[in-house]
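What the coordinates show
Okay, here's what each chain looks like letter by letter:
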Amino acid sequence: MKKLLLIFSICLICNAIHSQSKKAFIVGVSNYEDANLGWDNISGEEDAHYIESFLINTLQFKSSDIHSLINEEAKKADVLNQLNSFSESLDDSTEFVFLYFATHGQQISDSNNDETLDALDEALVLYNTPKTQEYAPNNYKGQLHLIDDELQPIILKIRQNISKTGHVFMGVDACFSATSDKGDDVTPVRGTHENFIFKEATKSPKDDTEELKELLSSDTDLAPFVIISGSQANQVNMQYSDSMGSLTYALTAAYKKVRPEDNWSYEYFFKYIKEEYKTVQEKNLSQKPVMTGHTEHSIFTSSSISHPYFLTSFFNKRYKTTSKQLLTLPFGRIHGYAPGMLFKIINRANDEVLAYGKVTNANEVKSYSVCSNDLTKPELNNAIFIPIQLNYLTDNFKISIQKKDENHIQSLLKIKSIEELKDPASDFKLTVKNGLFSIQLLDRMVIENRALEDLEYGLIYASYIQYLYLMDKETRTVDLKNKALSKDFGFDTSNPNTLIIFSNSSSYFYNVADMFPSFSVDYPNAVYRNDELFVSNRPKQKPSLNIAFGNNLQKLIVLEKQSKDVSSGAVFPNLNLDKSVFNYDFFKLKDDIPENVVFSKNTKSLKPQRNFLLLILNEGSLN
């Protein structure tokens, strides 16, 4: 009987594994129902067939699990109906859903007033979609455009229905706001510079980089979702060739570098997609793909990277090994990297520890580290870096401590004397009650009611806050009354709850973080959490950054002047506060290093690098 039960159980497990499925829905439009609709032909049909072949031959999809709509099959009503049916057919046995749209895109008048900035919805162009009112039926209100507002409930339904351990990927090889409708002599462009504006539209469109933002929901009860678009909202999406779209090419070409044993995250995979885009950028230098969503998830699988915080190594031309054991990394004190910090380097495919590292020197945006043993560049490029022991960001950090707690804290921290830490005059105050500690900075709570076992990391975090305040104090040139922020910026403080920063000259990258009650990074002008977003200087429009305050929040704002890599012409930021170790659950970054690990010495120094403006503002600053 036991043997029968065991066999029955094994059969149930095998059936469960085989019942887990992956499904795909693909839309490709090359030509249109009527030449009078106004659209140029593109390679959407070829893209759809190429992606379908990629799914079957590379990702092992069953052809019966791929639903494709090509050209005349892709009329607006048919796409909506079949997408709805597709979403209803999914259940928790589905582990992966692949959605792909290869067509023109367009911005269209907002019909439900949810687009507060630019008054425009993003829309996919289908087989029977008109380009302008000139080609549309009377009283046209977007009935034949597939608008992001219509896609949102379908995407949510898909994410609700499938397994929560699975995920949804969406690729959009389209363009919603091109600057021109023409490419070069042989390469088509997707999208149009002509917005579809309803005759009775009353709003005046402004610039908005939040492409397809309605599709993004942070609801934790939904399956993870990742979306990659072929270009940023304000850029031309030029095809790779006359028979293939840029994203279709880059996505499939980048995946050829993935080995069966690899376990790449989307974040790491996206680096290779951007590398492949260099071919496209030879024709259109500014074009860049955009990714957002749960980028820590493993590509095209049901697993996700389990580490609370990690950095992909991916050594490009600017940051590389100067020797096998000395590493230069594009992360510095502003990211929480301080001398003495320890990290482990692991193989992303199998979590094998390749080496341990120690930060020996760090300025604001860069650090030198030494490895415990030799690593090749291929090993480094397929590794992830996981901090395991943090260190103080400022020298001689001091904090006010109550007399009754001094002996207990000295014992917990294993320090020789409490005098090393305490200063009754410090702006930071440590209190201990019922086995929990809190740290307060003046009238703001930095950390509240954490277990005493986390005390050392709590003090390190307080030193990070102190470091940011010291930088703010050193570089502050703000005069809110005169609405001036250095010579390059101006303020608009007419709304007491919103600060608008205008760029008067060059383009700048920006980072904005909420300081309290915890350090968290957001990009207020864009849903896409991409390290290449910046306040750009566009013709006839003064670029601006809108920062909303509320609940007495305090904001950290970092503005970094745009620069170019001489070798590639690429535009890049040095700063990405999203990679601050304190933007994650840094209390979990604890691990021991084996006793036999030895680090070589490194005396190479780093000069300060302050090519950015940092300031800390709160709601009261706007009055």
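What counts and what doesn't
Residues numbered from 1 in each chain as written. Predicted model: local features only at pLDDT ≥ 70, side-chain atom pairs only at ≥ 80, totals over all residues. Heavy atoms only, no water. Helix = DSSP H or I, 4+ residues; strand = E, 2+ residues; numbered from the N terminus. Buried < 20%, exposed > 50% of the residue type's maximum accessible area, 1.4 Å probe, protein only. Salt bridge = Lys/Arg side-chain N within 4 Å of Asp/Glu carboxyl O. Pairing = 2+ DSSP bridges. Axes fitted to C-alpha atoms, helices over the stretch in contact; angles between N-to-C directions. Contact = heavy atoms within 4.5 Å. Phe/Tyr/Trp six-rings, centres within 6.5 Å; stacked < 30°, edge-to-face > 60°. Polar contact = N/O pair within 3.5 Å; in protein donor to acceptor, adjacent residues only side chain to side chain. Parallel < 35°, antiparallel > 145°, perpendicular 65-115°, else oblique. Left-handed = near helix turned anticlockwise from the far one by under 90°. Nonpolar A, V, L, I, M, F, W, Y, C, P; charged D, E, K, R; others polar.

Inspection of the secondary structure puts asparagine 546 in strand β29 (residues 544-548). Classification of asparagine 546 as partly exposed rests on a relative accessible area of 23%. Remark: the alpha-carbon pair of asparagine 546 and aspartate 492, spanning 54 residues in sequence, is separated by 9.4 Å.

The next thing to look at is the pattern of salt bridges. Counting across every chain of the model gives 12 salt bridges. One salt bridge in this structure joins glutamate 406 and lysine 403, with 3.7 Å as the shortest N-O distance. Put simply, lysine 590 and aspartate 454 hold a salt bridge, and the shortest N to O gap is 3.0 Å. With lysine 590 in the loop between β32 (571-572) and β33 (612-618) and aspartate 454 in the loop between β21 (444-451) and α9 (455-475), the pair connects residues that are 136 residues apart, well separated along the chain. Using a relative accessible area of 39% as the deciding quantity, one classes lysine 590 as partly exposed. What makes aspartate 454 buried here is its relative accessible area of 7%. One network of salt bridges, in which partners are shared, links Lys403, Glu406, Glu419 and Lys422.

Attention now goes to the sheet that holds strand β20 (residues 436-441). Adjacent strands of a sheet pair through backbone hydrogen bonds, lying either parallel or antiparallel. Reading across from one edge, β18-β19-β20-β21 is the order of the 4 strands in this open sheet, with mixed pairing throughout. The sheet is open, and its two borders are formed by β18 (400-401) and β21, each paired with just one other strand. Here strand β19 (residues 428-433) pairs with β20 via 6 bridges, running antiparallel. Its bridge partner being in β20, lysine 433 is matched across the sheet by leucine 436.

Let's shift gears to the sheet that holds strand β4 (residues 105-109). What the 3 strands build is an open sheet, ordered β4-β5-β6; its pairing is antiparallel. Here the strands that pair on one side only, and so sit at the sheet edges, are β4 and β6 (145-147). Ignoring strand direction, the axes of neighbouring strands in this sheet form an average angle of 45°. Pairing between strand β5 (residues 120-125) and β6: 3 bridges, direction antiparallel. Note on β6: the bridge partner recorded for valine 125 is histidine 145. Sitting on the sheet, helix α4 (residues 148-161) is in contact with β5 and β6, with an inclination near 55° to β6.

Bringing the packing of aromatic side chains into the picture now. Evaluated as defined, the whole model comprises 26 aromatic pairs. Plain terms: the ring middles of phenylalanine 54 and tyrosine 255 are 5.5 Å apart, the flat faces sit at 90° to each other, and that makes the pair edge-to-face. Here phenylalanine 54 is found in helix α2 (residues 44-57), whereas its partner tyrosine 255 is found in helix α5 (residues 246-255), with 201 residues between them in sequence. You can call tyrosine 255 buried: its relative accessible area is 16%. Judged by centre distance (6.1 Å) and plane angle (85°), the rings of tyrosine 255 and phenylalanine 269 are edge-to-face. Here phenylalanine 269 lies in helix α6 (residues 266-281) and tyrosine 255 lies in helix α5, a separation of 14 residues in the sequence. Ring pairing ties together the aromatic residues Phe54, Phe61, Phe96, Phe98, Tyr100, Phe169, Tyr255, Tyr266, Phe269 and Phe300, which thus form one cluster.

In this fold, asparagine 373 is placed in the loop between β16 (367-371) and α7 (377-381). Linking asparagine 373 and alanine 355, residues 18 residues apart in sequence, is a C-alpha distance of 6.1 Å. Setting aside chain neighbours within four positions, we find asparagine 373 in contact with Gln325, Leu354 and Ala355. Within the structure, asparagine 373 has its side chain in polar contact with the backbone oxygen of leucine 354 (distance 3.1 Å). A polar contact is formed between the side chain of asparagine 373 and the side chain of serine 372, at a distance of 2.9 Å.

So, on to the pairing of strand β9 (residues 225-229). For a regular strand, side-chain orientation follows a simple rule: the groups alternate between the two sheet faces. In terms of burial, β9 is largely enclosed, as 5 of its 5 residues are buried. Across the two faces of β9 the burial is the same, with Phe225, Ile227 and Ser229 and Val226 and Ile228 all buried. Strand direction decides the pairing type here: strand β7 (residues 167-173) and β9, joined by 5 bridges, are parallel. For methionine 170, the partnering residue across the bridge sits in β9 and is isoleucine 227. As paired elements, β9 and strand β11 (residues 290-293) share 4 bridges and run antiparallel to each other. Bridge pairing in β11 links isoleucine 227 to threonine 292.

What follows concerns the packing of α2 against α5. Taken N-terminus to C-terminus, the directions of α2 and α5 make an angle of 20°; their axes are 11 Å apart at the nearest point. In terms of axis orientation, α2 runs roughly parallel to α5. The way α2 lies across α5 gives a crossing that is left-handed. Contact residues: α2 offers Asp47, Tyr50, Ile51 and Phe54, while α5 offers Thr248, Leu251, Thr252 and Tyr255. When the residues that make up the contact of α2 with α5 are grouped by side-chain class, the tally is 5 nonpolar, 2 polar and 1 charged.

Below, the discussion takes up α5. Extensive coverage of α5 is indicated by the burial of 10 of its 10 residues. Those residues of α5 lying buried are Ser246, Leu247, Thr248, Tyr249, Ala250, Leu251, Thr252, Ala253, Ala254 and Tyr255.

For the rest of this paragraph, the subject is the packing of helix α3 (residues 76-88) against α4. Two elements in contact, α3 and α4, have axes separated by 9 Å at closest approach and are oriented at 20°. On the basis of their axis angle, the class for α3 and α4 is roughly parallel. Between α3 and α4 lies a crossing whose hand is left-handed. Residues Lys76, Leu80, Leu83, Asn84, Phe86, Ser87 and Glu88 of α3 form the contact with α4, whose own contacting residues are Glu150, Leu151, Ile154, Lys157, Ile158 and Asn161.

This part takes up unusual backbone geometry. Even without glycine at this site, glutamine 60 takes up a positive phi of about 60°. Here glutamine 60 shows up in the loop between α2 and β2 (66-70). Despite not being glycine, asparagine 71 shows a phi value in the positive range, around 50°.

With that settled, consider the side chain of lysine 422. Locating lysine 422 in the fold gives a position in the loop between α8 (406-413) and β19. A distance of 3.4 Å separates polar atoms of two side chains, one belonging to lysine 422 and the other to glutamate 419. Once residues within four sequence positions are removed from consideration, lysine 422 is found in contact with Lys398, Ile399, Ile401 and Glu406.

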